Every structure is written in structure tokens, then in C-alpha cells.
Amino acid sequence: MHALLSINNLTKNYGTTEALCNFTLEVVEGQVLGILGPNGSGKTTLLSILMGLRYPTSGHFTWFNTPPNHVPTTRIGALIEVPTFYPYLSLYDNMRISALAKNISYNAIFPAIERVGLTPNLKAKVATFSLGMKQRMAIAQALLGNPKIIVLDEPTNGLDPEGIVEVRNLIKELNAGGTSIIVASHNLDEVQRTCTHVAILKKGHLQAFGGVNELLTSAKVAIVEVRNPENLIDFLNSNPTIEVIERVGNSFKLLVNKSEHQVTFITDFQNHGIAVNSFEIRNLNLEELFITLVRK
Ligand code: ADP
Ligand code: MG
């Protein structure tokens, strides 16, 4: 597996705002890397630097085997700013304008349109397109010249539910066809559904990075409802490794070690006189991981 991109201690300050701090990570061929973080956490700053639209304050990145902080723009497809297109021109004419701007042969247009499933709409005016179709067109523009990797900044933002599904499926299909993808998102569910890897950002700091499945099996969640919460709280105070993700009344959601089993807990609860109404241990979902990481 080849590293397509190495990022080393990348830092970006806007005046006194630290938008990105010592960000280090490697993207390997075949991955769909989700950059996940709340609004203002530095996602667009990171992707803009990687595409040469902003300069880092310090640190560096290396695409393929090019020199540090060099952006081989014709080898990377990107959708960072809101896509611009001409509504009264056809899809094909819009694609010709992008190809011209990128200095890519018109021959690249048909394969790119085919990959996003818009071949039947080649001659239609873009004004007649749904939001999802417009976004697929923008992704087709990023795919011109068949880059190994594409960079998408919140590609489902502003789409209706149908458009969101279209774009998600497209990301999966592109990846299945061999394209690596870096996608920024603040939507946990989306990242869990479409990404193979995830980097979680909080205020410019990388909180966690890894395979989605590895991260989700790194801990478990216990959901317990009790009649005497005081006793459970006593128990939790004497077990500081157990973290409370959420409490609603007598119902607690706890983050526990991945090796924990239901039976050991039942015994502990009995020993502490905890009256349990219901109890369940299951795998973590990305939302729970995110809440625990971002709250810290
Ligand atoms: P995200 O894409 O995750 O929402 P951004 O990268 O847009 O985050 O922003 C990260 C931080 O940098 C925020 O605090 C934002 O206000 C600040 N920021 C972004 N762009 C600029 C800019 N051009 N000038 C000053 N501050 C900026
Ligand atoms: Mg952004």
C-alpha cells in the first residue's frame, strides 16, 4: 500500500486563532478518510492547505512523491469551495469549461460523467438538475483526468435526503472502483457509513485517528437503568475508568473497557446494592466515540 499523502506537524494560525495544530497523518491508497469535527474545528483549513489554497504557518505535507508543500493539482480532484457552474449551459458545456480551466483534454469528460451516473443528462441544462445531480456534476469535475485521490469538503451540505443518499452511494462506488477519497464532514452517521478511516478534529487538534471499525471496537457502551441512582454513582466514583457518556434520569450510558462482559457487571452491581431495571452492553457507535473525545 502506497502513501498518497503524508502530513507532518501541519499548523495554521489566523492571527491569534489556532485553526490547525501539529496535525500529522498519512493517507494510504484505497482509503476513504473522513475528517470529522464540529464547525470551526479546522477541516476546511486543512483541506485548503492540502490543495494549495492557503499556506501553512508551519509543518509540511507531501503528495505522492512530489516535493514538500507542492500540490500536483492535475493529479488530485477537489471540491472545496461551493462549486461554480453555469445553469443555462448543458452538463457537457459545463464540463468543457472545467476541463479547459484544468488544462485537461475533453476526452476525459465522458468517463467522468459516466462514473457519476449522469451520462443520460449530458445535454440537459444544469438549471434543470436536482441538488444531488448538481453535486454529482461537481464531483465529476473533480474526477476529470481520473485522479487517484479526490478531496471533498462537506459534499452533502445543503442537500435534501435524496441528494445525500446519492452522494454517499457515489463515494462508496468511487472507492470500490479504486479512487481514494478524503472527505470532511461534521456528520457522524455519514462518516460511519462511507469512510474506512476517520480523523477526529477538535479545535484544530487531532483527537483520534484510525480505521472506523478499529475505533468502534476500542471500547464498549453499557446502558443501564437503575432504581437507586445514588448507589450506581457511588460505584462509578470508585471505578474512574468507567466514563459516563450521558445520563437521563435513572438511565445511564457508560463507556466501558472493550473486554468487559455483562456478567462481571451484574456481580459488581449486586455487591453495591444497585437495583437494576435493565442492562445492556453493546459496541460503540461513532457518535458515542465522538462525544467522549470531543468533550474531553
Ligand atoms: P471547519 O471547516 O471545521 O468548520 P475552518 O477551517 O473553516 O473549520 O475554521 C477553523 C477556525 O479558523 C475557526 O475558528 C474559524 O473561525 C477560523 N478561520 C477560518 N478561516 C479563517 C480566515 N480566513 N480568517 C480568520 N479565521 C479563520
Ligand atoms: Mg468547513
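Note that the coordinates shown come from a computational prediction; the quantities given were computed from them, not determined experimentally. (Residues numbered from 1 in each chain as written. Chains lettered and ligands numbered in written order. Predicted model: local features only at pLDDT ≥ 70, side-chain atom pairs only at ≥ 80, totals over all residues. Heavy atoms only, no water.)

1. Looking at the overall build of the chain
Within the chain, the secondary structure is distributed over 10 helices and 13 strands. Viewed in the frame of its principal axes, the chain has a C-alpha envelope of about 75 × 45 × 35 Å. Taking all 296 residues of the chain together, 49% fall into the buried category. In the chain, of all internal contacts separated by at least 6 residues, the share reaching a separation of at least 24 is 68%. Entry remark: accessible area of the chain is about 14300 Å², with carbon and sulfur atoms responsible for 51%. Charge-centre separation for the chain: the mean point of 25 positive side chains lies 7 Å from the mean point of 25 negative side chains. (Helix = DSSP H or I, 4+ residues; strand = E, 2+ residues; numbered from the N terminus. Buried < 20%, exposed > 50% of the residue type's maximum accessible area, 1.4 Å probe, protein only. Contact = heavy atoms within 4.5 Å. Areas by Shrake-Rupley, 256 points an atom, 1.4 Å probe, with all protein chains shown as cover. Lys, Arg positive; Asp, Glu negative; His and termini not counted. Charge placed at Lys NZ, Arg CZ, Asp CG, Glu CD.)

2. Looking at the pattern of salt bridges
Opposite charge on two side chains makes pairing possible when the charged atoms of those side chains draw close. Following the criterion strictly, the structure yields eight salt bridges and no others. Across the pair arginine 96 and aspartate 93 runs a salt bridge whose closest N-O atoms are separated by 3.5 Å. Pair noted here: arginine 96 and aspartate 93 are both in helix α2 (residues 91-102), with a separation of three residues, about one helical turn. Of the residues examined, arginine 96 reaches a relative accessible area of 33% and is grouped as partly exposed. (Salt bridge = Lys/Arg side-chain N within 4 Å of Asp/Glu carboxyl O.)

3. Describing the packing of helix α4 (residues 131-143) against helix α5 (residues 161-176)
For the pair α4 and α5, interaxial distance at closest approach is 8 Å and the crossing angle is 25 degrees. Overall, the two elements α4 and α5 adopt an arrangement that is roughly parallel. Seen from above, α4 lies across α5 with right-handed handedness. Residues Gly132, Met133, Gln135, Arg136, Ile139 and Leu143 of α4 pack against Gly163, Glu166, Val167, Leu170 and Leu174 of α5. Each residue belonging to the contact of α4 with α5 can be placed in one class, and the counts come to six nonpolar, three polar and two charged. (Axes fitted to C-alpha atoms, helices over the stretch in contact; angles between N-to-C directions. Parallel < 35°, antiparallel > 145°, perpendicular 65-115°, else oblique. Left-handed = near helix turned anticlockwise from the far one by under 90°. Nonpolar A, V, L, I, M, F, W, Y, C, P; charged D, E, K, R; others polar.)

4. Considering the layout of surface pockets
Here the largest pocket defines a volume of roughly 610 Å³. As for the largest pocket, its lining consists of 21 residues, and the residues nearest its centre are Ala78, Leu79, Ile80, Lys102 and Gln141. Residue assignment for the lining of the largest pocket shows that the elements contributing at least two residues are β5 (76-79), α2 and α4. A per-element tally of the lining of the largest pocket places α2 first, with five residues. (1 Å grid on protein atoms, 1.4 Å probe; cavity = no way out; pocket = protein on both sides within 12 Å on 5 of 7 lines; lining within 4 Å. Points joined across faces, edges and corners; volume = space filled by probe spheres on them.)

5. Describing the site of ligand 1
In the vicinity of ligand 1, the contacting residues are Tyr14, Thr17, Ala19, Pro38, Asn39, Gly40, Ser41, Gly42, Lys43, Thr44, Thr45 and Arg54. Residue glycine 40 places a main-chain N or O atom 2.6 Å away from an oxygen atom belonging to ligand 1. Glycine 42 has a polar backbone atom sitting 3.0 Å from an oxygen atom of ligand 1. Computed on the free molecule, ligand 1 has an accessible area of 570 Å², of which 60% lies beneath the protein chains in the complex. Taken together, the elements giving at least two residues each to the shell around ligand 1 come down to β2 (17-28) and α1 (43-50). Here the shell around ligand 1 takes three residues from α1, the largest share from any one element. When grouped by side-chain class, the residues that make up the shell around ligand 1 number three nonpolar, seven polar and two charged. (Near = heavy atom within 4 Å. Polar contact = N/O pair within 3.5 Å; in protein donor to acceptor, adjacent residues only side chain to side chain.)

6. Some details on the confidence of the model for the chain
For the chain, the average pLDDT comes to 93, and 99% of its residues sit at 70 or higher. Here helix α10 (residues 286-295) is the element of the chain with the lowest mean pLDDT, 80, and strand β4 (residues 58-63) is the one with the highest, 98. (pLDDT = per-residue confidence, 0-100.)

7. Thoughts on a nonpolar patch on the surface
A contiguous nonpolar surface patch, about 260 Å² in accessible area, is contributed by Tyr86, Leu89 and Ile97. Along the chain, leucine 89 turns up in the loop between β5 and α2. (Patch = residues over 30% accessible without salt bridge, like charges linked within 9 Å, V, L, I, M, F, W, Y side chains within 5 Å.)

8. Digging into unusual backbone geometry
With a phi close to 60 degrees, asparagine 69 is a non-glycine residue in the positive phi region. With respect to the helices, strands and loops of the structure, asparagine 69 is situated in the loop between β4 and β5. Of the residues examined, asparagine 69 reaches a relative accessible area of 34% and is grouped as partly exposed. One non-glycine residue, asparagine 146, adopts positive backbone phi at about 55 degrees. Position of asparagine 146 among the secondary structure elements: in the loop between α4 and β6 (149-153). For asparagine 146, a relative accessible area of 56% puts it in the exposed group.

9. Here we look at the sheet that holds strand β10 (residues 219-226)
The strand order across the open sheet formed by four strands is β11-β12-β10-β13, and the pairing between neighbours is antiparallel. Pairing within the sheet leaves two strands with one partner each, and these edge strands are β11 (243-248) and β13 (276-283). Pairwise comparison of adjacent strand axes, ignoring direction, gives a mean angle of 20 degrees for this sheet. Strand direction decides the pairing type here: β11 and strand β12 (residues 251-257), joined by five bridges, are antiparallel. Each residue of the ladder has a partner; that of glutamate 243, found in β12, is leucine 255. Lying over the sheet, α10 contacts β10, β11, β12 and β13, oriented at roughly 110 degrees with respect to β11. (Pairing = 2+ DSSP bridges.)

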